[in-house]
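Chains, contacts and geometry: an overview
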Amino acid sequence: MKTINQIIITSIIMMHAVVNTKAQVKVAAGQIKSHELEVLNQLTSPSAVVNMPVSQLLNAPGNEALRAFFFTPVTNRTVLKGKKIAVLAADGFEEIELSGPVWYFRELGAQVEIVAPKFNPAPERYGLSTPEMAKTHIMAIQYLQPVGWIKFDRTADQIKVGDYDAIFIPGGAWNPDNLRFDKDVIRFIQDFNKSGKLIAAICHAPVVLASADILKGKKLTGYWNIQVDLKNAGGTVLEEPVVVDGNLITSRHPIDVADFSRAVETWLTKH
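Residues numbered from 1 in each chain as written. Predicted model: local features only at pLDDT ≥ 70, side-chain atom pairs only at ≥ 80, totals over all residues. Heavy atoms only, no water.

1. Some details on helix α7 (residues 183–195)
- The end-to-end C-alpha separation of α7 is 19 Å, in line with the 18 Å expected for 13 residues at 1.5 Å each.
- Every buried residue belonging to α7 is among V185, I186, F188, I189 and F192, and all of these are buried. For α7, the arc enclosing every buried residue in end-on projection is 160°, short of the 170-degree limit, so these residues lie on one face. Exposed residues lying more than 90 degrees from the buried face of α7 are K183 and K194.
- Where α7 starts, the residue carrying a side-chain oxygen 3.1 Å from the main-chain nitrogen of D184 turns out to be D182.
- Downstream of α7 by one or two residues, G196 has phi in the positive range, about 85°. (Helix = DSSP H or I, 4+ residues; strand = E, 2+ residues; numbered from the N terminus. Expected span 1.5 Å × (residues − 1). Buried < 20%, exposed > 50% of the residue type's maximum accessible area, 1.4 Å probe, protein only. Arc of directions from axis to C-beta. Polar contact = N/O pair within 3.5 Å; in protein donor to acceptor, adjacent residues only side chain to side chain.)

2. Looking at the sheet that holds strand β1 (residues 84–88)
- One open sheet accounts for seven strands, arranged β6-β3-β1-β7-β8-β12-β11; its pairing is mixed. Edge positions in the sheet fall to β6 (154–155) and β11 (242–245), since each has one partner strand and no second.
- Pairing between β1 and strand β3 (residues 111–116): five bridges, direction parallel. Along β3, the bridge assignment pairs A86 with E113.
- Against the sheet, helix α5 (residues 95–107) contacts β1, β3, β7 (166–169) and β8 (198–202), and its axis sits at roughly 150° relative to β7.
- Across the sheet, α7 is in contact with β1, β7 and β8; its angle to β7 comes to roughly 135°. (Pairing = 2+ DSSP bridges. Contact = heavy atoms within 4.5 Å. Axes fitted to C-alpha atoms, helices over the stretch in contact; angles between N-to-C directions.)

3. Some details on the side chain of H204
- Within the secondary structure, H204 sits in the loop between β8 and α8 (206–211).
- Taking relative accessible area as the criterion, H204 reaches 15% and is therefore assigned buried.
- Those residues in contact with H204, other than ones at most four positions away along the chain, are G171, G172, A173, P176, Y223 and I226.

4. Some details on unusual backbone geometry
- The phi angle at Y143 is positive, at roughly 65°, despite the residue not being glycine.
- On the secondary structure map, Y143 appears in the loop between β4 (137–142) and β5 (145–151).
- In the Ramachandran plot, D213 falls in the positive-phi region, its phi being about 60° despite a non-glycine side chain.
- Note on D213: relative accessible area 46%, which makes it partly exposed.

Function cannot be read off these values alone, since they describe shape.
Following this line, the structure appears as structure tokens:
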């Protein structure tokens, strides 16, 4: 979870980025013809920064249990001591679905590493500008709003099944698409599944497991928008906060983070 200083620093960086963007637009506008500028204005949507702090989610009516999960001190910090967990994530991951379980597992004594696909910039003809930090960090979102960056520890081409006791994949509308396109990620998930070790996925993340073709005959759940994809991949979808089937744990939504995290804890303590 972010400290006050981190929030202030993030805000300053975002403000600096907005100022720089405006400056770039002014320079560009002075270098193009008026009719080209008119076309660009019609192709470009107005920008806006939406603030959706985690505190707003925790304080929302109906989320009292979620708030209690995070704010009730952990008493036994050795429950998962000796366990090593990999978080598979890419740009566009849902912030609380990564930071929440990572915080909890570390509080319980587990060693957690964030693993991302190897940096692969878009082709130049796409016209995208990638920040330098994208080589070492992945971008967090809240629903569909980018909110910050988290440094990853390793890349998917550097890891082995024997390195970890469990893996979990956070959701986010973009994160799963970035993961399922990466051959190293898919190969690792398939090999990890063959080992019988725990694979956990929340929200949109189960579609990555569909791409890995490991859902046939499995009971699971996921975000409502992807449930048809899970069925098409051979799974049986249940409308429950958490579903455990063998070595697979799945969940639906950020509001299920507490149940999801506890299910992972329970599975690891029993195996």
